[in-house]
There are 2 protein chains.
Amino acid sequence: MESAPEEAQTQGREGPASGYTRWALKIEYDGTGLVGWQKQNNGLSVQELLEEAASRLVGDAPVMSATAGRTDAGVHASAMVVQLDLPCHERLDARQIRDGISFHLKPHRVAVLEAAAAAEGWHARFSALSRRYRYTILNRPTRPVMDADHVWHVRRPLDACAMHEAAQTLLGRHDFSSFRAAACQANSPIRTLDRLDVTRCGMHIHIDVEARSFLHHQVRNLAGSLHLVGSGQWPVSKLREVLDSCDRRKAGPTAPSEGLCLVGVGYAQDPFG
Amino acid sequence: MESAPEEAQTQGREGPASGYTRWALKIEYDGTGLVGWQKQNNGLSVQELLEEAASRLVGDAPVMSATAGRTDAGVHASAMVVQLDLPCHERLDARQIRDGISFHLKPHRVAVLEAAAAAEGWHARFSALSRRYRYTILNRPTRPVMDADHVWHVRRPLDACAMHEAAQTLLGRHDFSSFRAAACQANSPIRTLDRLDVTRCGMHIHIDVEARSFLHHQVRNLAGSLHLVGSGQWPVSKLREVLDSCDRRKAGPTAPSEGLCLVGVGYAQDPFG
């Protein structure tokens, strides 16, 4: 869970309401200027845009959605998986749903990449076995141009090898309280980090992370602390010390939202396969 | 030469005017909404933005610039090389020039990546030995989101291997009249293509091309014809037939500007090395 408490989820584990069919959608969005996935009254959310577009496709009938990852304001997704419950009587096929919703989403930077009828009992969030995020740093003196709003701009040269070495000490099952937002409402701070790779590609540094689920701000807090290792302000060994302290005040600041992108969600069976 | 006639160049081969020092700059720009490199009276150009920003850095003194590649409206550059003649008396160092001009270029999507004093006799355009462009196609049913304005969106599935095979038949020194814009004012249609690689990376297809110089619209015309091979409308052998015909009417349409990006300029000696 990257962003909001379980209780705020608009739907529980139950299947679609009577007269509705559940669809799995893979969506891409540019989070710039949006308040995040979740509907809020202070700005446009991905959920609101998606539900409104879907509703227009089905003659303004109400539709319900839930997501595998409730991303924060400014966070992007290249392959988010969501569920959408649509009235059965519309008899739309997967292609019509993909193209029709994408059409009604214009001119917003949100679009449907794939659609498929969901298997019995499938839930976008509760059936998900893994989430993958990529955090991207543009590491050069000059501000971003072609990838403005899609990277964290860090002027000071970073040592990606040191960052990667430190990252490996966090793999596995731990209490991640040190990297958890104060607002996080998860029941437990225990998470299992399956991947935390740091690689440099020219002036870009990619932090690729995978876990079954994440605490609120966990990826951005990890990126913020890895940055301190990369800039030499922390020795490699410090990251694990901070983890073991279970004290958020010991960790680095939260890295900005614009560098974060959800890049994949894993299920026992690929909903689009 | 990707875009404009030699005669339209604002400077000839001569060195900087008396009292001026020549600087080499590597710049990045997002061409969206700009009229291209060259100053024009119908909109904002990269050259106008760059010269105005540089002029502000040197107390509003006049400055002169020239580029290695005069890109068209909507075309991008990740590493364009330009020359800038600045008044000597300002005594700015390379870092002050890079950061100062980038500062004054805000909020436009143009910035200076590197600056270096130019060697005696160096000219951004006439000393250049090669230009490298990347043309990017997003090949999927759904419109672009994260890379909107930076790719050509092609819904129909393309065979990148067939495109690459056809591309190899154009390598070397040829009369490229079939891929030359009607407005091209180069003295000769003969060019030597050193590289024309087509590779698929997920839903993206990259066309990487390198030559000493290009005719007006040559890269976009090549991309437009390669697209016809990729979609199966042309057999692989057709591309070379079109080249040999030396007839622009035989070739495919010009691919849109937003997929094109200048990615490098080669010199006998790296001006920033």
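Once a new chain begins, its residue numbering starts again from 1 and follows that chain's sequence as written. Each chain takes a letter, starting from A, and each ligand takes a number, starting from 1, following the order in which they are written. Predicted model: local features are reported for residues with pLDDT of at least 70 only, side-chain atom pairs are reported and counted for 80 or more only, and whole-chain, interface and lining totals are derived from all residues. Neither water nor hydrogens contribute to the side-chain values; these are computed over all heavy atoms in the structure.

Caption draft 1: Examining the overall build of chain A more closely. Helix and strand definitions here come from DSSP, where helices need a minimum of 4 consecutive H or I residues and strands a minimum of 2 consecutive E residues; each element is numbered from the N-terminal end. Of regular secondary structure, chain A possesses five helices and 10 strands. Compactness check: chain A gives a C-alpha radius of gyration of 19 Å against a globular reference of 19 Å for 273 residues, within 12% of the reference. In terms of principal-axis extent, the alpha carbons of chain A reach across some 60 × 40 × 35 Å. The buried share of chain A, reckoned over its 273 residues, is 58%. Note on areas: these come from Shrake-Rupley sampling with a 1.4 Å probe, and a residue is covered only by the protein chains present in the view. A total of about 11400 Å² of accessible surface is found on chain A, and carbon and sulfur atoms cover 49% of it. Once the 31 positive and 31 negative side-chain charges of chain A are each reduced to a mean point, those two points are 4 Å apart. Between the two quantities, the radius of gyration covers C-alpha atoms and the globule rule is 2.2 Å times the number of residues to the power 0.38. The buried label applies to any residue whose accessible area, calculated with a 1.4 Å probe on protein chains only, is under 20% of its type's maximum; exposed applies above 50%, and partly exposed to all values in between. Charged-residue counts in this description rest on Lys and Arg as positive and Asp and Glu as negative, His and the chain ends being excluded. Every charge is mapped to an atom, namely NZ of Lys, CZ of Arg, CG of Asp or CD of Glu.

Caption draft 2: Spatial organisation of the domain arrangement of chain A. Residue and element names in this part refer to chain A. The domain architecture assigned to chain A consists of domain 1 (12-126) and domain 2 (129-264). With 14 residues of domain 1 at the contact, the number on the domain 2 side is 14 residues. Together, the buried faces of domain 1 and domain 2 total about 1000 Å²; carbon and sulfur atoms form 47% of this surface. Summed over both partners, the accessible area lost on bringing two parts together, with a 1.4 Å probe, is the buried area. Considering only the side of domain 1, the residues that lose the most area to domain 2 are D72, V75 and H76, jointly responsible for 40% of the buried surface there. Residue ranges assigned to the domains are those given by an automatic or database domain assignment. Whether two residues touch is decided by their heavy atoms; if any such pair falls within 4.5 Å, the residues are in contact.

Caption draft 3: Main features of the UniProt feature "active site" (unreviewed entry) in chain A. Residue and element names in this part refer to chain A. UniProt positions are given in the numbering used here, feature names are shortened, and annotations may be inferred rather than shown by experiment. Mapped onto the present numbering, the UniProt feature "active site" (unreviewed entry) falls on D72. Its location among the elements puts D72 in the loop between β2 (64-67) and β3 (76-87). A relative accessible area of 11% places D72 in the buried class.

Caption draft 4: Local environment of the relation of the copies chain B and chain A. When the copies are superposed, the least-squares fit draws on C-alpha atoms of residues that have pLDDT of at least 70 in both. Overlaying chain B with chain A gives an RMSD of 0.0 Å, the required rotation being 180 degrees about an axis along which the chain moves by 0.0 Å. A rotation of that kind, with that shift, is consistent with a two-fold axis. Rotation axis and chain B: the residue whose C-alpha lies nearest the axis is D147 of chain B, separated from it by 4.4 Å. A shared binding surface is used by both copies, with 100% of the interface residues of chain B retained as interface residues in chain A.

Caption draft 5: Molecular detail of the packing of helix α1 (residues 46-57) of chain A against helix α2 (residues 94-105) of chain A. Residue and element names in this part refer to chain A. The axes are straight lines fitted to the C-alpha atoms, using for helices just the contacting stretch, and the angles between their N-to-C directions are given from 0 to 180°. At a minimum axis distance of 8 Å, the contact between α1 and α2 shows a crossing angle of 115 degrees. Two packed elements cross with a definite hand, and for α1 against α2 that hand is right-handed. On the side of α1, the interface is formed by L49, L50, A53, A54, R56 and L57, while α2 contributes Q96, I97, G100, I101, H104 and L105. Any residue outside Ala, Val, Leu, Ile, Met, Phe, Trp, Tyr, Cys, Pro, Asp, Glu, Lys and Arg is labelled polar, Gly included; the first ten of those are nonpolar and the last four are charged. Taken together, the residues of the contact of α1 with α2 break down into eight nonpolar, three polar and one charged. A crossing counts as left-handed when the near helix is turned anticlockwise from the far one by less than a right angle, and as right-handed when that turn is clockwise.

Caption draft 6: Fine view of the interface of chain B and chain A. Facing 23 residues of chain B, the contacting portion of chain A comprises 24 residues. At the boundary of chain B with chain A, total buried surface from both sides reaches about 2000 Å², with 56% on carbon and sulfur atoms. Area buried by chain B at its contact with chain A is led by R143, V145 and M146 of chain B, which between them contribute 35% of it. Think of a salt bridge as a Lys or Arg side-chain nitrogen and an Asp or Glu carboxyl oxygen that are within 4 Å of each other. One can count four salt bridges joining chain B with chain A.

Caption draft 7: Just the pattern of salt bridges, in detail. Counted according to the given criterion, the structure contains 28 salt bridges over all chains. As a salt-bridge pair, R109 of chain A and D30 of chain A come within 3.8 Å of each other at their nearest N and O atoms. Remark: D30 of chain A occurs in the loop between β1 (20-29) and α1 and R109 of chain A occurs in the loop between α2 and β4 (110-117); sequence separation between them is 79 residues. Its relative accessible area of 6% is what places D30 of chain A among the buried residues. Salt bridges sharing partners connect three or more residues here, namely D30 and R109 of chain A together with D149 of chain B.

Caption draft 8: Broad picture of the packing of aromatic side chains. Here a pair means two rings of Phe, Tyr or Trp (six-membered ring of Trp) with centres within 6.5 Å. Their orientation is stacked below 30 degrees between planes, edge-to-face above 60, and tilted elsewhere. Under the definition given, this model contains six aromatic pairs over all chains. Taking 5.5 Å as the distance between ring centres and 80 degrees as the angle between the ring planes, the aromatic pair formed by Y133 of chain A and F214 of chain A counts as edge-to-face. Highlighted residues: Y133 of chain A in strand β5 (residues 128-139) and F214 of chain A in the loop between β9 (204-211) and α4 (218-230), separated in sequence by 81 residues. Neither Y133 of chain A nor F214 of chain A differs from the other in exposure class; each is buried. Summarising the aromatic geometry, the rings of W122 of chain B and Y267 of chain B are spaced 5.3 Å apart at their centres and angled 50 degrees between planes, so their arrangement reads as tilted. Placement of W122 of chain B in the loop between β4 (110-117) and β5 (128-139) and of Y267 of chain B in strand β10 (residues 260-267) is noted, with a sequence separation of 145 residues between them. Taking relative accessible area as the criterion, W122 of chain B reaches 9% and is therefore assigned buried. Residue Y267 of chain B is classed as buried on the basis of its relative accessible area, which comes to 11%.

Caption draft 9: Structural view of the environment of E14 of chain B. Residue and element names in this part refer to chain B. Among the structural elements, E14 can be located in the segment before β1 (20-29). Look at E14 and you get partly exposed, because its relative accessible area is 45%. With 107 residues separating them along the chain, E14 and G121 place their C-alpha atoms 8.0 Å apart. If we ignore the near neighbours within four places in the chain, the residues touching E14 are R22 and H123.

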